[in-house]
Structure formats: structure tokens, C-alpha cells
Amino acid sequence: MKTMLITGASTGIGAATARRAVKAGYRVALAARSKDKLEGLVAELGEDKSLALACDVQDFAAQQAMVAAVLGRFGSLDAVFANAGLGAKGTGTAGGDVHNWREMVLTNVLGLMFTVKASYEAVVAAKGHYLLTGSVAGRKVLPGSVYGATKWAVTGYGYNLREEMREKGVKVTLIEPGMVDTPFFDEPKPNALTPDDIAGAVLYALSQPDNVMAGEIWIEPLMR
């Protein structure tokens, strides 16, 4: 069985991906800031197939410990879904919250890079697969969007990482959703994608033959 690590796994896209991955035959390591939120998902998926790990992705030492725990439990690490992220509070520059900006940059950009760095040797050894949660907001201009700027950074990093890892036989896929109805939002978004829609794209990328890399998957709702 292959092993997949998912950050931001307690709800939304991360949890939906964990469910799909287990059905596809993966063992999953589930990381989030609060381990308590993961325990119910582990009970659902089975303790023999899943592992809950408390990790703040802003802390590189915590991410190193997370990877060590995955390898200690499962022995290898074949896929990493760097999915942890934060949304914006307020709108644009004038309406933005500077403390929120800092948290978004540290989580959405630096935390994602830390995940790759901490798991690098294990994924290279497995000739594995990195999947990075970008966004449609990281591919088009949205007036004043600081959140979008963090996702543009993920896009650029993903492109560069893909070329760095190509000669090592490691795949890199950018997952770029439009609006998804997740806990990011206080109210339901009726025309939005569901977390399972995005999970399906992740598993599609993982299911490709060894010689095929899905470099980017842009996913958006048909109706807006």
C-alpha cells in the first residue's frame, strides 16, 4: 500500500481527499493544528489505514517531526498533499487585516514550502508525488486580493518545483480550485464546488501512469 500525507486534513478538501485516498488503497497520514479534530476521521477510515498528527505548518521543526512520525508508522511516503491554507479577512488592501495577511503568507506560502522541504528526502526516495493546493485566484487578477497574491506565490513555486523534481522522477501537480463550499466561508455557497469535487481531481492526478504527469488541474463551478 502507498502512503499519502495530507496537511489541512481535518475538514473540507483535506478530509474529502483522505476518504477518497483510502478507498483507492492508500494509507493516509492526516495533519492539522488540532489532533482532536482528526480523531473522528481516523475512527471512520480505520486506525490501520490512517494516522492523526498535530502539526502547525508554520513550524518547520513540527513538520519534520510529522514526517518522521509518518515514516515511523508506515515506512515510506509516496504522496504529499500540501493543502493547509487560510482565507482572507476583509477585502483588498484598504479593508484587509495585517495580522491576517501575515498568517496567510506564513501558512499558504511558507508552510507549504516547509511541507515540501520536510518531506523531500522521503518523497524523492519513493519517486513520489507532490500535490499543492493553489487556486484559480493564483491564476487571474482579483482586485486587491492579498489571498490571491499568496496563491500566485504557490503557482510560481509549483512551476519551479516541478522542474526541480522532474529529473528525480517525482511528479508535481498544482490543484487550482475555484470557489469551494468549505469552512472558509461562514455561509453556504450554493453554486460552489464541493470538497469531494476537489478530492476527485487529486485522485485523478495520482492515478496517472508512471510516465504521465498532470501538471495542473484547474477546477471551477459551471454556474457562478
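Scroll up to find the structure this text is about.
Keep in mind that this is a model prediction, so the values were computed, not measured. (Residues numbered from 1 in each chain as written. Predicted model: local features only at pLDDT ≥ 70, side-chain atom pairs only at ≥ 80, totals over all residues. Heavy atoms only, no water.)

(A) Structural view of the packing of aromatic side chains. In the structure shown here, the tally under the stated rule is one aromatic pair. Relative to Phe 114, the ring of Phe 60 lies with its centre 5.3 Å away and its plane at 55°, an arrangement referred to as tilted. With Phe 60 in helix 3 (residues 60-74) and Phe 114 in helix 4 (residues 98-126), this pair connects stretches of sequence that are 54 residues apart. (Phe/Tyr/Trp six-rings, centres within 6.5 Å; stacked < 30°, edge-to-face > 60°. Helix = DSSP H or I, 4+ residues; strand = E, 2+ residues; numbered from the N terminus.)

(B) Representation of the nonpolar core. Met 4 and Leu 30 are the most contacted members of the largest nonpolar core, which totals 32 residues. For this core, the secondary structure elements donating two or more residues are strand 1 (3-7), helix 1 (12-23), strand 2 (27-32), helix 2 (36-45), strand 4 (79-82), helix 6 (195-206) and strand 7 (216-219). The greatest single-element share of this core, amounting to six residues, is contributed by helix 6. (Core = buried A, V, L, I, M, F, W, Y, C linked by side-chain atoms within 4.5 Å. Buried < 20%, exposed > 50% of the residue type's maximum accessible area, 1.4 Å probe, protein only.)

(C) Examining the pattern of salt bridges more closely. Under the definition given, this model contains five salt bridges. With a closest N to O distance of 2.7 Å, Glu 44 and Arg 19 form a salt bridge. Of the two residues, Glu 44 is situated in helix 2 and Arg 19 in helix 1; the sequence distance between them amounts to 25 residues. Judged by relative accessible area, which is 48%, Glu 44 ranks as partly exposed. Accessibility expressed as a relative area gives 35% for Arg 19, which makes it partly exposed. (Salt bridge = Lys/Arg side-chain N within 4 Å of Asp/Glu carboxyl O.)

(D) Molecular detail of the packing of helix 1 against helix 2. The N-to-C vectors of helix 1 and helix 2 enclose an angle of 20°; their axes lie 11 Å apart at closest approach. Judged on the interaxial angle alone, helix 2 and helix 1 are roughly parallel. Taken as a pair, helix 1 and helix 2 cross one another with a handedness that is right-handed. The residues of helix 2 that touch helix 1, namely those facing Ala 15, Ala 18, Arg 19 and Val 22, are Leu 41, Glu 44 and Leu 45. (Axes fitted to C-alpha atoms, helices over the stretch in contact; angles between N-to-C directions. Parallel < 35°, antiparallel > 145°, perpendicular 65-115°, else oblique. Left-handed = near helix turned anticlockwise from the far one by under 90°. Contact = heavy atoms within 4.5 Å.)

(E) Representation of the pairing of strand 1 within the structure. Most of strand 1 is tucked away: five of the five residues are buried. Burial of strand 1 is two-sided: the residues Thr 3, Leu 5 and Thr 7 facing one way and the residues Met 4 and Ile 6 facing the other way are all buried. With five bridges connecting them, strand 1 and strand 2 associate as parallel partners. Looking at strand 2, one finds that Thr 3 is bridged to Arg 27. Each parallel crossover has a hand, and the one from strand 1 via helix 1 to strand 2 is right-handed. (Pairing = 2+ DSSP bridges. Right-handed = clockwise from strand over helix to strand, strands pointing away.)

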